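For reference, the chains in residue letters:
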Amino acid sequence: MVSVLAAATVLAACSVGVNGSGSAGGSSASGTDAVTFAGKTITLVAPFAAGGSADVLARLTATQLSDFLPGKPTVVVKNMDGGGGSVGLNYVANLQPANGLTLGFFGAGMATRYIAKTAGFDDLPDQPLIGGFPQGLVQPVRAALGTDIPTLQKSSKPLRVAETSAGGTGALSATIGDGLLGIPIKQIFGFSGGGADAATSMLSGETDAAQTADTSYDQTFQPYVKSGKFNALFQTGIMNSQQQIVRSPLAPNVPTILEIYQQLHPNAQPSGELWTTYQLAANLNTSNYVLAARKGTPDNIMSTVRTAFNKMAASDGWKTFTQSKLTVPLATTDATVATKSWNAFLDSSPEQVALFKKYSGLK
């Protein structure tokens, strides 16, 4: 947690905009007019099915954000699943007015689809960011398989890993993590977000492992780890301001892929395209999910909402509330940090894009 917050503090000193806008993407048309949302309803569009990690984060935010916005509007979550997030993106970017009353809760899987030039994601870089949420991914395995990496490396059968879909950050991190560690895997797609059905399939022996967001690990898988039914094999981790991979606050006892690699190869540093891809993904995990407005939202509205988000994230109420739902207070990043992280990824070089397409399963 300290490392993640340190990253936010250091990066906040940088001046970052979206697509060249000095105020990170807002319109200057309304100047510094006072903003109030009294009597209004703000909709947070989560472009994913209910129950997944994005939905959880969106609902935690919706519950708390109202108290810090002038006029204390009603804040609700609208799930708009479809197209890997493109349906919800289109709703925010094209179908609603730029008045701050419709916000998008966008995920890193959408950024991966954008750089792969998947249809429906062209508008993603144009939406100004309000703040972000660091998130790593964890791979739990059935306890019967153990956590001895050399044994898993030599297995005659690949590790059957439950996934939501190709192109998501879970599919990417499983390919990268198990690849760096030399563990053969077979990815099985079609499991819903949140991890409940993936956990059920592991308990029945249908699958051997799952790749899940740290929030879903915290809520769904960790109880099975504590009861001895599952083990936590590794986590991707999050990159801090010193460009170091650190453990997610939601999985502090789970070693990162890098930690395990260095145990297996003392005094050696991983290299090659898998490692390059891992570093890029870890940097994106600094703000794996972001809260965004529509392009053209006036500067005074953007400033008001960003200020409210930052005050919410710094409040004791947010820390207490999110810890009551998870096991630790939920960390956030401000608009500058989130924008820097996402811009770096969305502006990936052709060589980097090729790596992401190769290892995420996108065509």
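Looking at an unreviewed UniProt entry, one finds the chain named Tripartite tricarboxylate transporter substrate binding protein and attributed to Rugosimonospora acidiphila. Entered under Sequence similarities (unreviewed entry) in the UniProt record, the comment concerning the chain runs "Belongs to the UPF0065 (bug) family."

Caption draft 1: Representation of the overall build of the chain within the structure. Secondary structure assignment for the chain yields 14 helices and 14 strands. Expressed as lengths along the three principal axes of its C-alpha atoms, the size of the chain is roughly 65 × 40 × 35 Å. The proportion of buried residues among the 363 residues of the chain is 55%. By sequence separation, contacts in the chain at least 24 residues apart represent 80% of the contacts at least 6 residues apart. Total accessible area computed for the chain in this model is approximately 14,300 Å², and 51% of it derives from carbon and sulfur atoms. With 24 positive and 22 negative side-chain charges, the chain shows a spacing of 3 Å between the two charge centroids.

Caption draft 2: A look at the sheet that holds strand β13 (residues 289-292). Reading across from one edge, β2-β1-β3-β13-β4-β14 is the order of the 6 strands in this open sheet, with mixed pairing throughout. Either end of the sheet is taken by a strand with one partner, and the two such strands are β2 (74-79) and β14 (333-334). With 4 bridges connecting them, strand β3 (residues 102-107) and β13 associate as antiparallel partners. Looking at β13, one finds that G107 is bridged to Y289. Where helix α13 (residues 335-346) meets the sheet, it contacts β3, β4 (129-133), β13 and β14, and its direction lies at approximately 80° from that of β4.

Caption draft 3: Looking closely at helix α14 (residues 350-360). When we look at burial in α14, the residues that qualify are V353, L355, F356, Y359 and S360. Buried residues along α14 cover an arc of 160° about the axis, so they all sit on one side. For α14, the exposed residues lying more than 90 degrees away from the buried face are P350, E351 and K358. Contacts from the buried residues of α14 go to α4 (108-115), α6 (169-181), α10 (273-284) and α13.

Caption draft 4: Inspection of the packing of aromatic side chains at higher detail. Scanning the model with the defined rule gives 9 aromatic pairs in all. Note on F105 and Y289: the rings are 6.5 Å apart at their centroids and 40° apart in plane angle, and the pair reads as tilted. Remark: Y289 occurs in strand β13 and F105 occurs in strand β3; sequence separation between them is 184 residues. A single burial state applies to F105 and to Y289, both of which are buried.

Caption draft 5: Quick look at the pairing of β2. Here strand β1 (residues 41-46) pairs with β2 via 6 bridges, running parallel. Bridging across to β2, I42 finds its partner in V75. As for the winding sense of the linkage, the β-α-β connection from β1 through helix α2 (residues 53-65) to β2 is right-handed.

Rules used in this analysis
Residues numbered from 1 in each chain as written. Predicted model: local features only at pLDDT ≥ 70, side-chain atom pairs only at ≥ 80, totals over all residues. Heavy atoms only, no water. UniProt positions renumbered as here; feature names shortened; annotations may be inferred. Helix = DSSP H or I, 4+ residues; strand = E, 2+ residues; numbered from the N terminus. Buried < 20%, exposed > 50% of the residue type's maximum accessible area, 1.4 Å probe, protein only. Contact = heavy atoms within 4.5 Å. Areas by Shrake-Rupley, 256 points an atom, 1.4 Å probe, with all protein chains shown as cover. Lys, Arg positive; Asp, Glu negative; His and termini not counted. Charge placed at Lys NZ, Arg CZ, Asp CG, Glu CD. Pairing = 2+ DSSP bridges. Axes fitted to C-alpha atoms, helices over the stretch in contact; angles between N-to-C directions. Arc of directions from axis to C-beta. Phe/Tyr/Trp six-rings, centres within 6.5 Å; stacked < 30°, edge-to-face > 60°. Right-handed = clockwise from strand over helix to strand, strands pointing away.

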